[in-house]
Amino acid sequence: ALVTTAMATLLRLATAAVWPRRLSGGCVRAAPSARKTTSLTHMLPSRRRFTFVTAAGNNVGKEAGDEGDCYRMPPPEVAQFAERPQSPGISLSPNRDQLLYNMRPPPYPFVSELARPELKLAGLRIDVTQNSRSRMSGNTGMALGPFPTTEEEINTWQNFMGIPEGASLNFLSWSNDGGSIAFTVRFAGPSVADADRAAPELWIADAVTRECRPLLPGRGLNTLFENYSWLDDDTIVVCVIPSGREEAPTRPPTPRGPRVQSNGGGNVAQARTYADLLKDSHDADLFEHFGASEFVTVNVKTGEVAPFAPAAAGTAEMHTRCDPSPDGQFIIMEALERPFSYAVPCGRFPKRVWVVNRAGETVRDVCSLPLADAIPIVNNSCRAGPRGVAWRPDRPAELYWTEAQDGGDPRVAAEPRDIVFTADLHAGALEGGSAAAGVPTFHTNLRFGGVSWGADGLGLLYESWYKTRTIKAYVVDTFGRADRPPRLLYDRNYEDSYDDPGSPLSRRMSDGTYRLAQVTGPLPKDGWVPAKAARGAPVVAGEEGNEAEKRETPGPVEWETGVTLILEGDGASDTGDRPFVDLLNLDTGATRRLWQCPGLGALERPGSIISDAGGAPITLDTLKILLSRETPSENPQYYSLELSGGGGELTPRRISDFPHPHPSLVDPPKEIIRYKRADGVDLNATLYLPPGYDLARDGPLPTLVWAYPREFNSAEAAGQLRDSPNRFTSISPMSPLVWLSRGYAVLEGPALPIIGNAAAGVEPNDSYVEQLVAGARAAVAAVVAKGVTDPRRGGVGGAS
């Protein structure tokens, strides 16, 4: 909020010379200086003005004309965006033969929900009656239908039976075999009294009979940090409120003592400004009370319930994670521990990470991390000690984690900077849960950015560095064979959207994990494009220059994988996004385009692979990819993209037909405009005009600019187009495009780049205000020059 306020202030200063009337206190002042009202409607042309109408029942007990403190309904053309239910969300079954439809309510919550009391503790906002995060949204129902293979099957589904009327559904997930769907049920809304509210309960749905029933009747889940996880197709481990939990602690009339913070050790640490922190020991007691949980296991077929990990501590802990291994034999557990902090949120509190077996017995202590209240406020900083503890998806139960060798401070020289360790839990349980060291598996000289795991010891390892906007990818052997050292796949500037080669697709395996999608079977013989040279000069030993522009080039291939991957990318260009699907030969770096969005009035974007049921091999003859298609006036619909043997011919099959979310505002005029900043930097923005607008007839309009600045390391990257003229004009209640219905022009996303030069030691913030002012002036001048904006009537806003 502080950042947004500061940005808005600077933007107001930037536009002041062009727009005399500007935002004040979150509203837009009227153009005539004598007018004192703060209603946005007074920016409208006179022929479009009308008064907001008071909602029925909101003025009970008020004197006539006393509407100052009442909630009022917006005019109908604005209310449509808040009141219309959203299109269903869809979830594909593990067997890829069914679609689960999640029915969603209107996007805005009830005012009664926003007004509910909440505890603000350790960076969280807690609804005490539900023991959950406050202001939770939820689905209003769910239904199941076939994955459409004909036009007649589109949007055909059957509702589940047994779900209580008025229930709100959350945390939906399939069992690995696709036979069951778990979800939570709770009750919320203006018609639900506090006495009827409770923590969510776990339910199960049968995907064959569509019958639903509670699994733990009367036992509330603690969803503040965790909810539940599938151990196998029949067993769920559930995070519940401790049995016999006492009432929440009340604030004592006399405080225990003063709040004391000491820096006796002389440590110097920068501190960010965080919201909703703990204020005193009573807050800490409340946080521990509502955060404490215990686990039980439940059999989804028999309903049998058993305690889980009862001997871990003897009492409830503040569990934040319960993550089963791919084979379901081990579980990563995490819990917060005291002492808490008044200076940082709970994500920085001390925490313990350990592993238990299915009986709940501790088999490995991974780490106990101290309070992390001194992480440097610089990019690429991180917590000291093990971080990112997770399961390898290519092994039954092997941990991996990363440890910074620079103490988490990127200003400290270190080589390597990060080391990735692994530990196989099946290699032998450690006596007494001892935390024996893992096996060093990968080393990175930049900050470790993750591994994409494949089959047969294949992996792609990423490292990055913010100051130079560098990202590197390496082909690695995840089995650690000595004759297969890491080899560079690419070294590029991740700000350069036009040079993005795309990201490799993953596929679902039979155990529910995801690995790199490796293509088998015949491949195209022609159409391959050799690997491109890195944009930017290659690194030369001892050469001085702009380090941000120097790039490594891949060396000779010392070992071959024989693997072909599938890449997806946005296809950004100076004419707009044209997403693509490529094949990538991992040994030569050559690519072969399978498909690209034609860009003829529509934006088509590929998604996940949907021909991977049961771990089936990925071949070009059987390859199917989920595709979304939209136009400026047609909302996104889903298709099955079938590449028919890799011939490059798109064969789409439509699988959804969702109604238009705002049919009364279907196709507002839209244009991507280009202009320059005073120093010559190329900029762009998207200009929207009200439906039916005619410049000659209607003249200049009041205009709302919606923007937020962004840092760049080069002017070239700052001027790139990262949008498509064919993107659907989606208008949510939170969107500034709502004001199109009231006769405004809207300039969305004008580039406000704050450009630095890392190699020259120039930070973006060195000239933040000057660059922000220059960008805002250029944006306003561009729309005024087009004749569509009245320079006397304008407002500016944005959000972070």
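Source: prediction; values computed, not measured.

Criteria and cut-off values
Residues numbered from 1 in each chain as written. Predicted model: local features only at pLDDT ≥ 70, side-chain atom pairs only at ≥ 80, totals over all residues. Heavy atoms only, no water. Phe/Tyr/Trp six-rings, centres within 6.5 Å; stacked < 30°, edge-to-face > 60°. Helix = DSSP H or I, 4+ residues; strand = E, 2+ residues; numbered from the N terminus. Buried < 20%, exposed > 50% of the residue type's maximum accessible area, 1.4 Å probe, protein only. Lys NZ or Arg CZ within 6 Å of the ring centre and 35° of its normal. Polar contact = N/O pair within 3.5 Å; in protein donor to acceptor, adjacent residues only side chain to side chain. Contact = heavy atoms within 4.5 Å. Core = buried A, V, L, I, M, F, W, Y, C linked by side-chain atoms within 4.5 Å. pLDDT = per-residue confidence, 0-100. Pairing = 2+ DSSP bridges. Axes fitted to C-alpha atoms, helices over the stretch in contact; angles between N-to-C directions. Salt bridge = Lys/Arg side-chain N within 4 Å of Asp/Glu carboxyl O. Expected span 1.5 Å × (residues − 1).

Brief notes about the packing of aromatic side chains
Part 1: One pass over the full model with this rule turns up 10 aromatic pairs.
Part 2: Summarising the aromatic geometry, the rings of W401 and F421 are spaced 6.0 Å apart at their centres and angled 20° between planes, so their arrangement reads as stacked. With W401 in strand β25 (residues 398-404) and F421 in strand β26 (residues 418-424), the pair connects residues that are 20 residues apart, well separated along the chain. F421 matches W401 in its accessibility class, with the two residues each being buried.
Part 3: By the ring-pair criterion, three or more aromatic residues cluster together here, those being F225, F287, F340 and F349.
Part 4: Positioned over the ring face of W354 is R352, at 3.9 Å from the centre of the ring.

Brief notes about the side chain of R392
Part 1: By the secondary structure assignment, R392 is in the loop between β24 (386-391) and β25.
Part 2: Classification of R392 by relative accessible area gives buried; the value is 1%.
Part 3: For R392, the side chain forms a polar contact with the side chain of D394, separated by 2.7 Å.
Part 4: With residues up to four places along the chain from it excluded, the contact list for R392 reads P326, E398, Y400, T422, W453, T478 and F479.

Overview of the environment of F110
Part 1: Summarising the element assignment, F110 is placed in the loop between β6 (98-103) and α3 (111-114).
Part 2: With 25 residues separating them along the chain, F110 and R135 place their C-alpha atoms 9.7 Å apart.

A closer look at the nonpolar core
Part 1: Counting residues in hydrophobic clusters, the biggest one holds 28 residues, and the most contacted among them are I673, Y675, L687, L689 and L747.
Part 2: For this core, the secondary-structure elements that each account for two or more residues are β43 (670-676), β44 (682-688), β45 (701-706), α6 (715-718), β47 (745-748), β48 (753-755) and α7 (768-785).
Part 3: Of all the elements, α7 adds the most residues to this core, at 6 residues.
Part 4: The contacts of I673, once residues within four sequence positions are left out, are L683, N684, A685, L687, L747, A782, V783 and K786.

Thoughts on the confidence of the model for the chain
Part 1: With 85% of its residues at a pLDDT of 70 or more, the chain shows a mean pLDDT of 86.
Part 2: Confidence over residues 1-15 falls short of pLDDT 50; this stretch has 27 contacts with residues more than four positions distant or in other chains.
Part 3: Overall, residues 17-64 carries pLDDT values under 50, and its contacts beyond four positions in sequence, including any with other chains, amount to 95 contacts.

What to know about the sheet that holds β26
Part 1: Spatial strand order, β24-β25-β26-β27: 4 strands in an open sheet with antiparallel pairing. In this open sheet, the two edge strands, each paired with only one partner strand, are β24 and β27 (439-444). Each strand of the sheet is rotated relative to its neighbour by a mean of 20°, with strand direction disregarded.

Here we look at the pattern of salt bridges
Part 1: Per the stated rule, a full pass over the model turns up 50 salt bridges.
Part 2: A salt bridge links R116 to D127; the shortest N-O distance between them is 3.2 Å. One end of the pair, R116, is in the loop between α3 and β7 (119-121); the other, D127, is in strand β8 (residues 124-127), with 11 residues separating them in the sequence.
Part 3: Here the salt bridges do not stand alone but share partners, grouping E113, R116, D127, D194 and R197 into one network.

Structural notes on the environment of Y744
Part 1: Along the chain, Y744 falls in the loop between α6 and β47.
Part 2: Here Y744 falls in the buried class, since its relative accessible area comes to 1%.
Part 3: Separated by 43 residues in the primary sequence, Y744 and L701 place their C-alpha atoms 6.1 Å from one another.

Describing α7
Part 1: When the terminal C-alpha atoms of α7 are compared, their 26 Å separation across 18 residues agrees well with the 26 Å that a helix rising 1.5 Å per residue should span.
Part 2: Of all the positions in α7, only Q771, L772, V773, G775, A776, A778, A779, V780, A782 and V783 are classed as buried.
Part 3: Directly beyond the C-terminal end of α7, a positive phi value near 85° is found at G787.

Digging into the sheet that holds strand β9 (residues 132-133)
Part 1: Pairing is antiparallel in the open sheet, where 3 strands are placed in the order β7-β8-β9. Looking along the sheet, the strands with just one partner apiece sit at the ends: β7 and β9.
Part 2: Of the pairings in the sheet, the one linking β7 to β8 comprises 3 bridges and is antiparallel in character. The residue of β8 that forms the bridge with L119 is I126.

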